[in-house]
Amino acid sequence: MSIQDLIDDFAFLDEWEERYRYVIELGKDLEPLSEAEHSAENKVPGCVSQVWLVNELRRDANGRPLLHFRGDSDAHIVRGLVAILMRLYSDKAPADILAVDARAVFQKLGLDEHLTPQRSNGLYSMVARIQSDARAVAATA
């Protein structure tokens, strides 16, 4: 599912409660993390809920680096936000990751105005971590 598909899906949901349930549903489809991956090293600081992000360097057909992300949280709504971030950033080149404006996407989804300040801070802590991972790969590529 592309991010445009996600934006289109959210456009059909009129009520915030419907969007909230949809976000939770998205979180149910996350690739699982192993128990070992639920580690302090993978934990994202700045999130009220516990959030873990793992990245794996992959290569496209031309040998260019791509980052594949997986994530998890102990909170259902946050797991859904992680799932949205995976759609935004996973399996993309570092330059493409750094070019994504997460705030603009969350505005298009209509989620920015419905997240508590703590959730918003946590969300953008996850984005900062993903972008940091992308910058690190870009520097070595």
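Structure report, in brief. (Residues numbered from 1 in each chain as written. Predicted model: local features only at pLDDT ≥ 70, side-chain atom pairs only at ≥ 80, totals over all residues. Heavy atoms only, no water.)

## Structural notes on helix H3 (residues 76-89)
Line of reasoning, step 1. Look at H3: 20 Å from first C-alpha to last across 14 residues, which is about the 20 Å you get at 1.5 Å a residue.
Line of reasoning, step 2. Judged by how many residues are buried, H3 sits mostly within the fold: twelve of 14 residues are covered.
Line of reasoning, step 3. Three or more residues of H3 are buried, namely Ile77, Val78, Arg79, Gly80, Leu81, Val82, Ala83, Ile84, Leu85, Met86, Leu88 and Tyr89. (Helix = DSSP H or I, 4+ residues; strand = E, 2+ residues; numbered from the N terminus. Expected span 1.5 Å × (residues − 1). Buried < 20%, exposed > 50% of the residue type's maximum accessible area, 1.4 Å probe, protein only.)

## Section: the pattern of salt bridges
Line of reasoning, step 1. Per the stated rule, a full pass over the model turns up seven salt bridges.
Line of reasoning, step 2. The partner of arginine 58 in a salt bridge is aspartate 91, with the nearest N and O atoms 3.7 Å apart. Separated by 33 residues along the polypeptide, arginine 58 in strand E1 (residues 51-59) and aspartate 91 in the loop between H3 and helix H4 (94-99) bring together distant segments of the chain.
Line of reasoning, step 3. With a relative accessible area of 33%, arginine 58 lands in the partly exposed category.
Line of reasoning, step 4. The partly exposed category is assigned to aspartate 91, whose relative accessible area is 41%.
Line of reasoning, step 5. Note that aspartate 72 and arginine 79 form a salt bridge whose closest N and O atoms lie 2.6 Å from each other. (Salt bridge = Lys/Arg side-chain N within 4 Å of Asp/Glu carboxyl O.)

## Some points on the side chain of histidine 68
Line of reasoning, step 1. Residue placement: histidine 68 occurs in strand E2 (residues 65-73).
Line of reasoning, step 2. Polar contacts involving the side chain of histidine 68 include one to the side chain of glutamate 31, which spans 2.8 Å.
Line of reasoning, step 3. Discounting residues that sit within four places of it in the chain, histidine 68 has contacts with Glu31, Val54, Asn55, Glu56, Arg58, Ser90 and Asp91. (Polar contact = N/O pair within 3.5 Å; in protein donor to acceptor, adjacent residues only side chain to side chain. Contact = heavy atoms within 4.5 Å.)

## Side note on the nonpolar core
Line of reasoning, step 1. In this structure, Phe10, Ile84, Leu85, Tyr89, Phe106 and Met126 are the most contacted members of the largest nonpolar core, which totals 40 residues.
Line of reasoning, step 2. Listing elements by their share of this core, those giving two or more residues are helix H1 (3-11), helix H2 (16-27), E1, E2, H3, helix H5 (102-109) and helix H6 (117-140).
Line of reasoning, step 3. Ranked by residues supplied to this core, first place goes to H3 with ten residues.
Line of reasoning, step 4. Ignoring any residue separated from it by four or fewer positions in sequence, one finds tyrosine 89 in contact with Leu67, Phe69, Ile97, Val100, Ala102, Val127, Ile130 and Gln131. (Core = buried A, V, L, I, M, F, W, Y, C linked by side-chain atoms within 4.5 Å.)

## Remarks on the packing of H2 against H3
Line of reasoning, step 1. Between H2 and H3, whose axes approach to 7 Å, the crossing angle comes to 70°. For the element pair H2 / H3, the angle class is roughly perpendicular. Contact residues: H2 offers Tyr20, Val23, Ile24, Leu26 and Gly27, while H3 offers His76, Ile77, Arg79, Gly80, Leu81, Ala83, Ile84 and Arg87.
Line of reasoning, step 2. Considered class by class, the residues forming the contact of H2 with H3 number eight nonpolar, three polar and two charged. (Axes fitted to C-alpha atoms, helices over the stretch in contact; angles between N-to-C directions. Parallel < 35°, antiparallel > 145°, perpendicular 65-115°, else oblique. Nonpolar A, V, L, I, M, F, W, Y, C, P; charged D, E, K, R; others polar.)

## Some details on the packing of aromatic side chains
Line of reasoning, step 1. According to the stated counting rule, one finds two aromatic pairs in the structure shown.
Line of reasoning, step 2. Measuring from ring centre to ring centre gives 5.2 Å for phenylalanine 10 and tyrosine 22, while their planes differ by 70°; the resulting arrangement is edge-to-face. Linking phenylalanine 10 in helix H1 with tyrosine 22 in helix H2, this pair joins segments that are twelve residues apart in sequence. Of the two residues, phenylalanine 10 and tyrosine 22, both sit in the buried class.
Line of reasoning, step 3. Ring centres of tryptophan 16 and tyrosine 20 lie 5.8 Å apart, and the angle between their planes is 65°; this geometry places the pair in the edge-to-face category. (Phe/Tyr/Trp six-rings, centres within 6.5 Å; stacked < 30°, edge-to-face > 60°.)

Interpretation note: all reported values are geometric properties and have no functional meaning in isolation.
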